[in-house]
Structure formats: C-alpha cells, structure tokens
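Results of the structural survey
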Amino acid sequence: MKLKFRDKVILVTGASRGIGAAIAKAFAAEGGLIIVNYRTSEAAALSVVDACRKAGGEAIAIAADVTDSQAVAAMAERIGQDIGRLDVVVNNAFAPYRFDPEQRQRFPEISWGAYRAQFDGAVGAAYAVCRAMLPLLDRGQGASIVNIVSDLVAQPSIPYHDYTTAKAALIGFSRNLAGELGPQGIRVNCVAPGLVHPTDSSAATKEDVRETLIAQTPLRRLATPNDVAGAVLFLASEWSGFVTGQTLHVDGGLVME
Amino acid sequence: MKVFAGHLPGLSRDDVEWREATFSAWGESVKVMLPVLHEAQARALCADIRAHAGARLKTMEVARIAAAIDAAIARLLDRDHPLRREAERLLPVVTGYDPETVRLGLTSYLKTFRLPQLKRFLAEDFGNPGVLDAFEPTPKGGFVRAYGPELLLHVWAGNVPGLSLWSLICGLLVKAGSVGKLASAEPLMAGWFASLLAEIDPEIGACLAIVWWKGGDAAAADIFLHEADTVMAYGSNATLAGLRARLPVTTRFLPHGHKIGFGMIGREALDSRKAAAVARLAACDVIRYEQQGCYSPQMIFVERGGPVSPAGFARHLGHELAAAASRHPRRRLSAGDAGAVAAWRNAQELQALDGAATVLGGPGDPWSIVHVESPEPLHPSGLYRTLKLVAVDSLEEVPALVGRFRHFLQTAGVAASPERLHRLAALLGAVGVTRVAALGGMTSPEAGWHHDGRFSLLDLVTMTEIERGAELAAEGFAPYVD
C-alpha cells in the first residue's frame, strides 16, 4: 500500500510531547519526513525522532522558539539547506498554559499582558512560522497548513479567557490566510480539539470536570492525542484537497457546527 | 528500578534474605525484593510483635490508633507525598491495571479510612467503641469489654491495589498485634502503609510486621500459622482449605473466598435518557480492576419492557466500554489470561451460531459483550472486560438464577426504583447476597461495610463480661460493707 506521506516534508511545531508528538508519529507512520520542532526539551524531542524512525518515517529535531522570528528564520534556513522544501506545516506549539478549572483566573484578575502572551503564542507563532516557511511551501505541490486551535472557541465550557480568545484570533488568521494563499494552491485549515487527555497541560483538570465533559459528549470520551493527529493528517492530505479555511472539531460531537 | 517490600521491625535489611520478583507492564519493569525469613527470624518476629502489642497497643486508647491510621491515610491521599507518587508510579506496573484506574481507585478506596469513617466503622460494629478501651456497662446489667487477638495473621491474595489495608486496619482497631503475608501479585501497599504508621507513631509501628513466603511453602507458612491466634485469609477455596487444615484447632479462622458479583437493571432505568448513563455506570464497574475484585460484576441481568430494550442496552454498554478503553486501556494480557478470554468468547460465539446469543466487540477489541434473550443462571465471565447480559421479563426472576451460587454470592449492583430496590434486596438477601450496591459503585464498598456479610471488627474480638451477679457478689466483700 502506498504510504500517504511518502516523500513529503512536514514541520510540526511543539512536537516534543503531547499532541505534537502524536501528530509527528502519525505522519511518520505514513512515510513522511518530519521536522520535530521543540523549544527546550531536547531529550523528549530526540525520543520523538526515534519513535518516528521506528514508525517507518524519517525525522530530524530542530530547536526554535516559535515566537522568536529570528529563531524561526534560522529554522527555515536550515530546512531550506538540508531538505529544500516543505509540504505541510502544523502550527501546534502554544504559549505555556495551565488548564486548571479550579485555579483559573477570572476575568477581573487577568492582565492585558496575559492576553498578549497568549496572542503572541498562538497568532504570533503562526505568523512567524507561516511567513518564514512560505517560500519553502511554495515549492511543493498541494501544500497545506494546519493550525491547532480549540473547541473552546465555539463553546467555552470553561472560560479560559486569554487562551481561548487567542485561539479565536488564530481561526480568523487562518481564514484570511486561506483566502490569500488559495490561488497559490496552499490550503489553510484548523483543527479544534476538545479537552485532550492524557497530556501534561490537561493533567490538572480534575476528574469531575472530565466526567461532566464526557457526559455531554455524544461519543462519550475525551479526545486523545491520536484523535487530533487523525484530523490533522486528513487536512494535510489530498483527501481534503478541496477544503480550505475550515475548522474541524475533534471533540466527540460536543460542538456541532 | 528496585524496591524493597515488607515491614520488619527489629530486623535490618542486611539480616534478611531477599528474593527478587520482576513485574512488567506499560513499557516499564520493576524489581520487587521480597523478604524470606529463616525459621528463627520468623519465630522471633512473631514473639516480638506479640510482646510489643501486649505492652503497647493493648494499653493505648483506640482513639490514638485511629488518629495514627488517619494520619497515614492522609499522606497516602496527598498526591504530592513521595509514597503516593511511588504508589501511582509502581502499582500500575506491578498489577497491570492502567495508571488512571490505579490513581482513581486509590483515592476512592483510601478516603474510606479517614478518621470520621473509622469512627463510623467502629460504631457500626460496637455501638459503643469504648468497650475496646475499658469495661463498659451493658443494658442487661454488668459490664463488658472487647479484646482483640494477641497475634493476628493476615494472608492476602489478589492484585487489587491496597486490598490488604482493609484487614490490616481492622486488626489495628481491635489492638491486635498483626503479621501480614503479602500477596505476591500486589506486594507493596501493605509495607508502605506499615512504614508510614511506624514513622507517625513508632509504638504502633512496632506492633505490626509485613512478611512474605512463597505460595505453597508449607513449612514457612506453618511457623506463622502456629504462632497466630487468629488468621484472616483471602484466596480460592482450595487455598483456604489448605490453610485451615494446618491450623491448630484453637486458632480462629476467618476466610474470605472468591466471590461472584452481578448487576441488575430495571426497566425504569432504561428510558431514552437514563439508559446511556446507566450503561456508563455499568462500564465503570466492569473496567475497575478488570472484574477481578470480589465485588466486580460477572453478569448483568437486564429487564425487558423499558423504552430501551436489553439489546439496545447492550449496544450502549459496548460503546461505553470501547470509549473507556482510551482512558483506561486494558493491559496486554498474559498468554494464560488471553487464553481464558478467548475460550470464553469461543463458547459465546458457539451459542451465537444457533441464534441464541449476540456477541458484540471483535476478537481484537479490549472488551466483549454477549447478549442473550433467554434466562441463564449466573456464571463467571472470562474477566478482563468480558460480560454477559441476560434479558429477563422481570428482575424478580434473578434470585432464582443466582441462587445456586449461594456460597459465592456477595455484591449485587442494582439500578431500580426505591420500592423495587427494597423488594429485590429482600429476595437477594435470602439467596445469599450480602451487599446491594449502586451500579457504578460496586467496586467501592462504603466505610464500615460488612465484608461477605460478616462483622469485620466484631468477628476479631472476644467479649469479656462481668456479670451482674459478680458485681452484686463483690459488694458483699467491699471494705465499706455494713
């Protein structure tokens, strides 16, 4: 059977753990060459590289803080030199955030700086990565950008104001980019997971919150990193060749749009 | 990774011979070092525990013991405590249960041993727990005091994490010097708990020991069996019979053999809204401890006549089991366990061939449900999320279907209206069921429950009475007698 991403080059930001690591491994299992981007967790990133190779793909790890445009430019240069092109960009990295429904800050307590930090981490990172990678994406055929957002934008079950607002902005960013890049054959879509478990970020979310979410979810469970990876692979593949500017919810039917 | 099991007051690690047992699951492995005591060490340990208990535990007020247990439990409930972290890390590897099941199971189990629950537990059996500390007046006249055993031996079995704490805490509450024999399949929690107690209240810590001997090593077992005056043992009937045969006739023997649990779902719980929620609760009981607890369901009886049919309920339950597998994955089964599951499935598929049964879930799925429309008597499942759903016209038929297992019955998980709950409970009690639980709560007995229908604390003690006549007679010898 032909592997879906044989000879394709895929950049996954924030790929040393959690959802990003699962996405990287899923692309690798379909034969892709994965650029495992990470900020500081080198050992974890190398173990993802190892897992990608074991899964049947190829992988390299490149450190870069995606909110730092110089670091991103350096990463693009290295990809350009080493590989020469890029077919898929997955903007998965996001600013550190603690998803703790009990300790979350309420609106009056949130500084504008917190909003700005999330905005930088979501839209700022996508902006820096897309700008730097665009010349490499142009050389491929049927290139695709997938941005990871959140179903909290559609239904803020827990109002994580700063995080969710930034993700909403990222959806707007993606639609505009889809409009502009469509004529060049580059598609831009978003994947909006519900609460993903298990990940480090969701570890503080208590059992009863999970139970409440599960009870409201038609498919009766939480998302796993692999569920998210499945949707990302679909939006990166030719199976979604006529889909752009969309947001695909991966939350078991919690949000229906 | 290497960890030492047991709790051996008075013996240093170098004095003892250790046997290594390796456990692997979830991509990790742990070496557990199990203590092997020489005969002289074992005898001396029993004598020490008995002497320390006599000199210290017996003279303490039960409130002090309960407070120490509470403090130890509080530490084990604290998710940042090093021992709790160790438990969350190692128990999944040792027992094979998924980490989430272990974490949630530990919390829901341990919280039944906090101080208020311990007090309720004492009140449940004694009414006036003061009888454990002193002679207390009785309504009929005279006085009474309860004495626990001098040396209580626990022989644990199975791999449900922390099950050992149950009997260990019972023994401590009645001031028994305790020696516990670790279950080879979960050899860690009892030792951790004992060492915490020793840290919190060293005088109590000196009154209990956690040991191990190889299953079937009669010579090693005999030393302990002959030293103890009461033996509380868990395991199969064959194991229990073997132990009983070797006990001196004066030793009190309290066996807890294997049990079979089942569920019952009334038509009133099967409407369009409730059916899915009930399926979720039933799935929870099936998944928690892979049906290996004495309280776990092996079969569920589903009543016809509700808006959701038994067949529809089977679909709901199948989906809940499938959905839960991502969060609570089933461990990779050993060849033996996989064989048992496959044999169970084969038997069901054979039945399905002639249309008598419907099998849900494929051979590759980590769960299987078989649904039958004609009444069948209770029967054990293949464990590991294999379950038979039996459709019945009325839940009132169920007692007759489970009655032949009278000596193996324990928990029934019931979803029915209040009136029927009581009516069914009367019928179930009459055929030997000792615990009627809510569906979803089958694997979490409440504080102070009567394990296998027995009085967990009262069964351990002997009562000494001062008769009214003795009191009156003593009056005659008083220095102030006129």
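In this text, all values refer to a predicted model and were calculated from it rather than measured experimentally. (Residues numbered from 1 in each chain as written. Chains lettered and ligands numbered in written order. Predicted model: local features only at pLDDT ≥ 70, side-chain atom pairs only at ≥ 80, totals over all residues. Heavy atoms only, no water.)

**Side note on the sheet that holds strand β1 (residues 2-4) of chain B**
Residues and elements named next belong to chain B. Rules: Strand pairing requires that DSSP identify at least two bridges connecting the strands. Secondary structure is summarised from DSSP: a helix means a run of H or I of at least four residues, a strand means a run of E of at least two, and numbering begins at the N terminus for each. The convention used is that axes are lines fitted to C-alpha atoms, helices contributing only their stretch in contact, and that angles between N-to-C directions extend from 0 to 180 degrees.
Reading across the sheet, the three strands line up as β1-β3-β2 and stay open at both edges, with mixed pairing between neighbours. Bordering the open sheet on either side are β1 and β2 (17-25), each of which pairs with just one other strand. Adjacent strand axes in the sheet meet at a mean angle of 25 degrees, parallel and antiparallel pairs treated alike. Pairing between β2 and strand β3 (residues 28-36): nine bridges, direction antiparallel. Residue pairing across strands places W18 opposite P35, the latter belonging to β3.

**A word on the domain arrangement of chain B**
Residue and element names in this part refer to chain B. Our working definition: How far each domain reaches was decided by an automatic or database domain assignment. We define buried area as the total accessible area lost by two parts upon association, computed with a 1.4 Å probe and summed across both. Whenever a carboxyl oxygen of Asp or Glu lies within 4 Å of a side-chain nitrogen of Lys or Arg, that contact is scored as a salt bridge. Under the scheme applied, nonpolar residues are Ala, Val, Leu, Ile, Met, Phe, Trp, Tyr, Cys and Pro; charged residues are Asp, Glu, Lys and Arg; polar residues are all the others, including Gly.
Parsing chain B into structural domains produces domain 1 (2-258 + 451-466) and domain 2 (260-438). Here the C-alpha centroids of domain 1 and domain 2 sit 32 Å apart. Here domain 1 meets domain 2 over a buried area of about 1,500 Å², counting both sides, of which 55% is carbon and sulfur. Applying the counting criterion to the domain 1 and domain 2 interface returns one salt bridge. Here R327 and E100 are joined by a salt bridge, their closest N and O atoms 3.9 Å apart. At the level of elements, β2 and α4 (99-110) are the ones that each hand at least two residues to the side of domain 1 that touches domain 2. Here the side of domain 1 that touches domain 2 gets six residues from one element, more than from any other, and that element is α4. The class makeup of the residues in the side of domain 1 that touches domain 2 is eight nonpolar, eleven polar and three charged.

**Overview of the packing of aromatic side chains**
Here is the rule: Only the six-membered ring of Trp is used, alongside the rings of Phe and Tyr, when aromatic pairs are assigned; centres must lie within 6.5 Å, and planes under 30 degrees apart are stacked while those over 60 apart are edge-to-face, with the rest tilted. Cation placement over rings: the criterion is NZ of Lys or CZ of Arg within 6 Å of the ring centroid and within 35° of the ring normal.
Inspection of the entire model under this criterion finds 18 aromatic pairs over all chains. Residues F99 of chain A and Y163 of chain A carry aromatic rings whose centres are separated by 4.8 Å and whose planes lie at 90 degrees to one another, so their mutual orientation is edge-to-face. Within this pair, whereas F99 of chain A is found in the loop between β4 (88-91) and α4 (112-137), its partner Y163 of chain A is found in helix α5 (residues 161-181), the two being separated by 64 residues in sequence. Put simply, the rings of F94, Y97, F99, Y160 and Y163 of chain A pair up and form one aromatic cluster. One Lys or Arg, K4 of chain A, reaches over the ring of W239 of chain A and ends 4.0 Å from the middle of that ring. Directly above the aromatic system of F4 of chain B lies the positively charged group of R13 of chain B, at a separation of 3.9 Å from the ring centroid.

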